[in-house]
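Here's the letter readout for the chains.
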Amino acid sequence: MNETEAYEAVRHSLKPARYEHTRRVVQTAEELCRKYGGDTEKVRKAAILHDYAKYRPAEEMRKKVEEHPELPSRLNDYGDELLHAFVGALFVKEELGISDEDIIQMIAVHTTGRKNMTLEEKILFLADYIEPGRTFSGAEKAREAAASSLDEGCLTALSQTIEFLVSKRTAVYPDTFEAYNDFIQKRKDA
Ligand SMILES: [Fe+2]
Ligand SMILES: [Fe+2]
């Protein structure tokens, strides 16, 4: 599947505003690749497809989690927001024939992060958080951190995400804590 086909696949699955978000994530991810390295072609493809499952019914996605042992079963104990990333990774494999595991993993962890993120996973995770259409408080702080260090950008995004979820009394997915702890630990070691 080339980029034009990938864009075509998501254009039919996403609302116009989400499609525009996707285009900005691709652009931002490419800029981060230019600055920090990484496989631009893979990152672009994952960025195009990252929200493929955004508008699938939560019930359908929760059923997929039950049926597929390769998906973390604990996902069904958390909010709907996380499903589109993990289940979307499965859908792009099953429905669009994407077989590159790096791309699939980038999509799977784009919302939660995880421990030991690859360079490309960090780039997509951060691009999704700081693309120019993000206007929530904290996006600018993450952009500033991202300008000097990819890891500091990710750490800012993760800590603000955790703070936001805690302020709403919403559960935090364990991978997000693990990602946060991992970045803190590596910062101490540096
Ligand atoms: Fe997403
Ligand atoms: Fe997104």
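Residues numbered from 1 in each chain as written. Chains lettered and ligands numbered in written order. Predicted model: local features only at pLDDT ≥ 70, side-chain atom pairs only at ≥ 80, totals over all residues. Heavy atoms only, no water.

**Q** It is not clear to me how the overall build of the protein should be interpreted in this structure. Could you clarify?
**A** On a plain count of helices and strands, the protein comes out with ten helices and zero strands. If you list the helices and strands of the protein from N to C, you get α-α-α-α-α-α-α-α-α-α. Here the protein has a C-alpha radius of gyration of 16 Å; the compact-globule value for 190 residues is 16 Å, and the two agree. Seen through its C-alpha atoms, the protein measures out along the principal axes to roughly 40 × 35 × 30 Å. Evaluated residue by residue, the protein yields a buried proportion of 49% over its 190 residues. (Helix = DSSP H or I, 4+ residues; strand = E, 2+ residues; numbered from the N terminus. Rg over C-alpha atoms; globule rule 2.2 N^0.38 Å. Buried < 20%, exposed > 50% of the residue type's maximum accessible area, 1.4 Å probe, protein only.)

**Q** Sorry, what's going on with the UniProt feature "domain: HD" (unreviewed entry) in the protein here?
**A** In the numbering adopted here, UniProt assigns the feature "domain: HD" (unreviewed entry) to residues 18-133. As a span, residues 18-133 carries 63% helix and 0% strand, and end to end its C-alpha atoms are 10 Å apart. (UniProt positions renumbered as here; feature names shortened; annotations may be inferred.)

**Q** Quick question: what am I supposed to make of the coordination of the iron ion (ligand 2) here?
**A** Each pair of donors in an ideal octahedron of six around a metal sits at 90 or 180 degrees, and each pair in an ideal tetrahedron of four sits at 109.5 degrees. For the iron ion (ligand 2), every protein donor is listed as His21 (NE2), His50 (NE2), Asp51 (OD) and Asp128 (OD), and the spread of their distances is 2.2 Å. Around the iron ion (ligand 2) sit four donor atoms, and with donor-metal-donor angles ranging over 82 to 175° the site reads as irregular. Within one chain, the residues donating to the iron ion (ligand 2) are spaced in sequence as H-x28-H-D-x76-D. Between the two metals, the iron ion (ligand 2) and the iron ion (ligand 1), the spacing is 3.4 Å, and Asp51 donates to both. Residue His21 is located in helix α2 (residues 16-36), and its partner Asp128 is located in helix α7 (residues 119-130); the two are separated by 107 residues in the primary sequence. Here His21 and Asp128 have matching classes, each one buried. (Donors = N, O, S within 2.8 Å, 3.2 Å for Na, K, Ca; no water. Tetrahedral: all angles 85-135°; square planar, octahedral: opposite > 155°, others 65-115°.)

**Q** Before we go on, may I ask you to explain the environment of Lys54 in this structure?
**A** Looking at where Lys54 falls in the secondary structure, it is placed in the loop between α3 (40-49) and α4 (58-67). Each C-alpha atom of the pair Lys54 and Leu32 lies 24 Å from the other, and the pair is 22 residues apart in sequence. Not counting residues within four places of it along the chain, the set of residues in contact with Lys54 comprises Leu14, Arg18, Glu81 and His84. In terms of polar contacts, Lys54 uses its side chain to reach the side chain of Glu81, at 3.3 Å. (Contact = heavy atoms within 4.5 Å. Polar contact = N/O pair within 3.5 Å; in protein donor to acceptor, adjacent residues only side chain to side chain.)

**Q** Even after reading the chapter, I still don't get the side chain of Thr28, so can you show me in this structure?
**A** By secondary structure assignment, the location of Thr28 is in helix α2. The class for Thr28 is buried, based on a relative accessible area of 7%. Within the structure, Thr28 has its side chain in polar contact with the backbone oxygen of Arg24 (distance 2.8 Å). Once residues lying within four places of it in the same chain are set aside, the contact partners of Thr28 are Ala127, Ile130, Glu131 and Pro132.

**Q** Quick question: what am I supposed to make of the nonpolar core here?
**A** Judged by nonpolar contacts, the single largest core of 58 residues is most densely connected at Leu49 and Leu126. Broken down by element, the residue count for this core peaks at nine residues, all from helix α5 (residues 83-96). Residues in contact with Leu49, not counting those within four places in the same chain, are Ala6, Val10, Val92, Leu96, Ile98 and Ile107. (Core = buried A, V, L, I, M, F, W, Y, C linked by side-chain atoms within 4.5 Å.)

**Q** Mind showing me how you'd approach the coordination of the iron ion (ligand 1) here?
**A** For the iron ion (ligand 1), the full set of protein donor atoms is Asp51 (OD), His84 (NE2) and His110 (NE2), and the range of their distances to it is 2.1 Å. Each donor residue of the iron ion (ligand 1) lies on one chain, and together they are spaced D-x32-H-x25-H. For His84, a relative accessible area of 3% corresponds to the buried category.

**Q** Is there a simple way to explain the layout of surface pockets in this structure?
**A** To find leftover empty space, a probe the size of one water molecule is rolled over the atoms. Here the largest pocket defines a volume of roughly 800 Å³. Lining the largest pocket are 31 residues; nearest its centre among them are Glu81, Thr111, Thr161, Phe164 and Leu165. For the lining of the largest pocket, the elements supplying multiple residues, two or more each, are α2, α7 and α9 (150-167). When residues in the lining of the largest pocket are grouped by element, the largest group, five residues, is from α9. Looking at side-chain class alone, the lining of the largest pocket contains ten nonpolar, 13 polar and eight charged residues. Volume-wise, the second largest pocket comes out at about 230 Å³. Around the second largest pocket sit 14 residues that line it, and Glu70, Leu71, Ile104, Gln105 and Ala108 are the ones nearest its centre. Those elements that provide at least two residues to the lining of the second largest pocket are α5 and α6 (101-108). (1 Å grid on protein atoms, 1.4 Å probe; cavity = no way out; pocket = protein on both sides within 12 Å on 5 of 7 lines; lining within 4 Å. Points joined across faces, edges and corners; volume = space filled by probe spheres on them. Nonpolar A, V, L, I, M, F, W, Y, C, P; charged D, E, K, R; others polar.)

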